[in-house]
Amino acid sequence: MTDDDRGVAPLENLLELRGIVKQFPGVRALDGVDLLVRAGEVHCLLGQNGAGKSTLIKTVAGVNQPDEVSEHWRGEEVRFPTPLAAIKAGIATIYQELDFVSDLTVAENIFLGHERSTGGFLQRARANREATALLTRLGHGDIAPTRRMGSLSPAAQQIVSMARALSHETRVLVLDEPSAVLDQEEVRNLFRVVRGLVAEGVGVVYISHRLEEIREIGDRITVLKDGRTVATGLAVADTP
């Protein structure tokens, strides 16, 4: 039964990739992969090491340029030639190895590359206020914007990375093994944050090897093997 049959408004298709092919010398890393990310859903990406997950998300993020693909962003055909182009469109990726500058403050990391300034002068007070607003949105207004990034716990650093993504009006957020360095309580908090973003209409791509997490946080699943789509768009509730 479709959403329309139930009288429920269908979710917006944000990112649709069909037939992605990516070759490196001697390796066909992606061989016709499909992925559909919808607003207000957590789409889980599964597959063993070497299945093509990392290549796929780097293609989504504009890091890799596919050799073949049909790519649509919010209904229009697109290509993202650079990571900046993907970010400006509304796609943010948080990799397992978090990318931040340890010696800068939380606020400086959040707005790194699009600093709050006027006439060439940084507006630190404004940056701190906006950083606190973003962290509060994620349920972590207790993280001081003036703290040095390197002094935070891994869980707090991850929250700041998510705040940085949201500072670009992100519509699709890709999380690569986000629970890898978190304890059980921190994972529960991560799920609360993800559910909050989904409730706001953000589409989340969640990559994990932990199947119990998929059961708890996921809506749909795509499975990759040897660079190919084994299955896509499976409802988590109906998938053994």
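Refer to the structure printed above.
The structure reproduced in this document is the subject of the present report.

Cut-offs used in this document
Residues numbered from 1 in each chain as written. Predicted model: local features only at pLDDT ≥ 70, side-chain atom pairs only at ≥ 80, totals over all residues. Heavy atoms only, no water. Pairing = 2+ DSSP bridges. Helix = DSSP H or I, 4+ residues; strand = E, 2+ residues; numbered from the N terminus. Contact = heavy atoms within 4.5 Å. Axes fitted to C-alpha atoms, helices over the stretch in contact; angles between N-to-C directions. Buried < 20%, exposed > 50% of the residue type's maximum accessible area, 1.4 Å probe, protein only. Salt bridge = Lys/Arg side-chain N within 4 Å of Asp/Glu carboxyl O.

Hydrogen bonds between backbone groups are what pair the strands of a sheet, and the pairing can be parallel or antiparallel. If you trace the four strands from one edge of the open sheet to the other, you get β2-β1-β4-β5, paired in antiparallel fashion. For this open sheet the edge positions go to β2 (27–38) and β5 (76–77), each flanked by a neighbour on one side alone. With five bridges joining them, strand β1 (residues 13–24) and strand β4 (residues 68–73) adopt antiparallel strand pairing. Paired with E16 across the two strands is H72, which belongs to β4. Running at roughly 120° to β1, helix α1 (residues 53–60) makes contact with β1 and β2 of the sheet.

By the element assignment, V236 lies in the segment after β12 (228–235). Residue V236 is classed as buried on the basis of its relative accessible area, which comes to 4%. Between the C-alpha atom of V236 and that of I20, which follows or precedes it by 216 residues, the distance is 24 Å.

For the coordinates displayed, the defined rule picks out 15 salt bridges. Salt-bridge contacts for R18 lead to E16; the nearest nitrogen and oxygen are separated by 2.7 Å. A salt bridge links E130 to R126, with the nearest nitrogen and oxygen atoms 2.8 Å apart. Taken together, the residues E130 and R126, both in helix α4 (residues 124–137) and four residues apart, mark about one turn of the helix. With a relative accessible area of 25%, E130 lands in the partly exposed category. Taken together, the shared-partner salt bridges in this structure form one network comprising E12, R74 and R171.

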